[in-house]
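Observations on chain architecture
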Amino acid sequence: MTRNVLIIEDNRSIGELVGMHMTDLGMHPMLYERGDSGLERFLQGGIDLVILDLMLPGMDGLSLCREIRARPGYVPVLMLTAKSTELDRVLGLEMGADDYLTKPFSVAELSARVKALLRRVDAMMAESANGVGHEEGHELVAASLRIDPASRRVFVHDHEVALTAREFDLLWFFASHPGRVFSRAQLLDKVWGYHHEGYEHTVNTHINRLRGKIEQDPARSEFINTVWGVGYRFRD
């Protein structure tokens with residue numbers, strides 16, 4: 001079955017280039033140049049992936065992403081941005097984007113991100129069909145933190161914490177390997193499903209966001225510890 005990818009990009013040249021490469025991946029691209037019209041098409045249903053620019057006429061990418069996440073069902077969102085500051089990345093992730101690419105980007109990077117997002121969607125659907133949320137489907141508990149993979153819900157002191165799909169996957173991966181140290185490159189490979197040199201900051205941004213949600217004091221992390229010069233590990 002051909003997947004439908006909704007591309008919302010006000011630069012027609014970039015949008016058509018992205019669409020061409022989505023066609024090469026066997027997908028059916030639909031290009032919109034305004035945020036409001038792109039949202040209107042999304043609400044009609046049948047979308048398997050959204051690729052959207054941060055700066056859009058009619059409705060900006062952050063607001064659009066927030067509207068998409070407010071709807072039932074899960075559709076992966078890849079955000080494109082000409083901005084490269086950490087604040088822009090954090091805002092995009094806060095609104096529910098699964099991943100982001102900073103312009104200019106290579107075709108190889110774009111393809112790798114899209115393939116990784118779709119693999120994760122396929123895995124989630126297979127797990128749901130089998131009645132399992134993640135590997136083995138057992139809850140993981142570490143001190144005040146409880147992770148329920150079947151429902152993809154996380155609780156701290158019995159209060160539910162709202163995580164994005166990528167944040168949940170990252171936390172689950174860490175918690176499934178307590179005490180083991182992972183480099184940023186290894187986390188990109190294992191959790192994101194790709195690795196491109198120079199994109200380790202993607203991991204930093206997600207870990208900072210995750211710590212802010214599950215840690216009582218993010219500066220003195222109880223669950224996700226930094227191993228200086230190496231990477232990160234989850235508490236034993």
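Report on the accompanying structure. Sequence positions are assigned chain by chain, starting from 1 and proceeding in written order. Under the rules for a predicted model, residues below a pLDDT of 70 receive no local features and side-chain atom pairs below 80 are neither given nor counted, while totals for whole chains, interfaces and linings still include all residues. Side-chain measures here rest on the full set of heavy atoms in the structure, leaving out hydrogens and waters.

The criterion for strand pairing is that DSSP finds at least two bridges linking the strands in question. Working definition: helices are DSSP H or I runs of at least four residues, strands are E runs of at least two. Numbering for both runs from the N terminus. The strand order across the open sheet formed by three strands is β10-β12-β11, and the pairing between neighbours is antiparallel. Two strands close off the open sheet at either side, each with one partner strand: β10 (181-182) and β11 (224-227). Whether two residues touch is decided by their heavy atoms; if any such pair falls within 4.5 Å, the residues are in contact. For helices, the fitted axis covers only the stretch in contact; all axes are lines through C-alpha atoms, and the angles between them, taken along N-to-C directions, range from 0 to 180 degrees. Packed onto the sheet, helix α8 (residues 201-214) meets β11 and β12 (231-234) and runs at close to 140° relative to β11.

This part is about the nonpolar core. Joining through side-chain atoms within 4.5 Å is the link that ties buried Ala, Val, Leu, Ile, Met, Phe, Trp, Tyr and Cys residues into a set, and such a set is a nonpolar core. Buried residues are those whose accessible area, probed at 1.4 Å on protein chains only, stays under 20% of the maximum for their type, while exposed residues exceed 50% and partly exposed ones sit between those limits. Counting 26 residues, the largest nonpolar core has L145, F174, L187, I224 and F234 as its most contacted members. For this core, the elements supplying multiple residues, two or more each, are β7 (145-148), β8 (153-156), α6 (165-176), α7 (184-192), α8 and β12. For this core, the leading source of residues is α6, giving seven residues. Residues contacting L187, with those up to four places away along its chain left out, are L170, F173, F174, F182, W192, V203, I207 and Y232.

This next bit is on the environment of G46. Mapped onto the elements of the fold, G46 is located in the loop between α2 (35-43) and β3 (49-53). The partly exposed category is assigned to G46, whose relative accessible area is 49%.

Right, let's get into the pairing of strand β5 (residues 99-102). On β5, burial covers both faces: D99 and L101 on one face and Y100 and T102 on the other are all buried. One ladder, built from four bridges, connects strand β4 (residues 77-81) with β5; its direction is parallel. Bridge pairing in β5 links T81 to T102.

Honestly, that's just the spatial picture; any functional story needs more than this.
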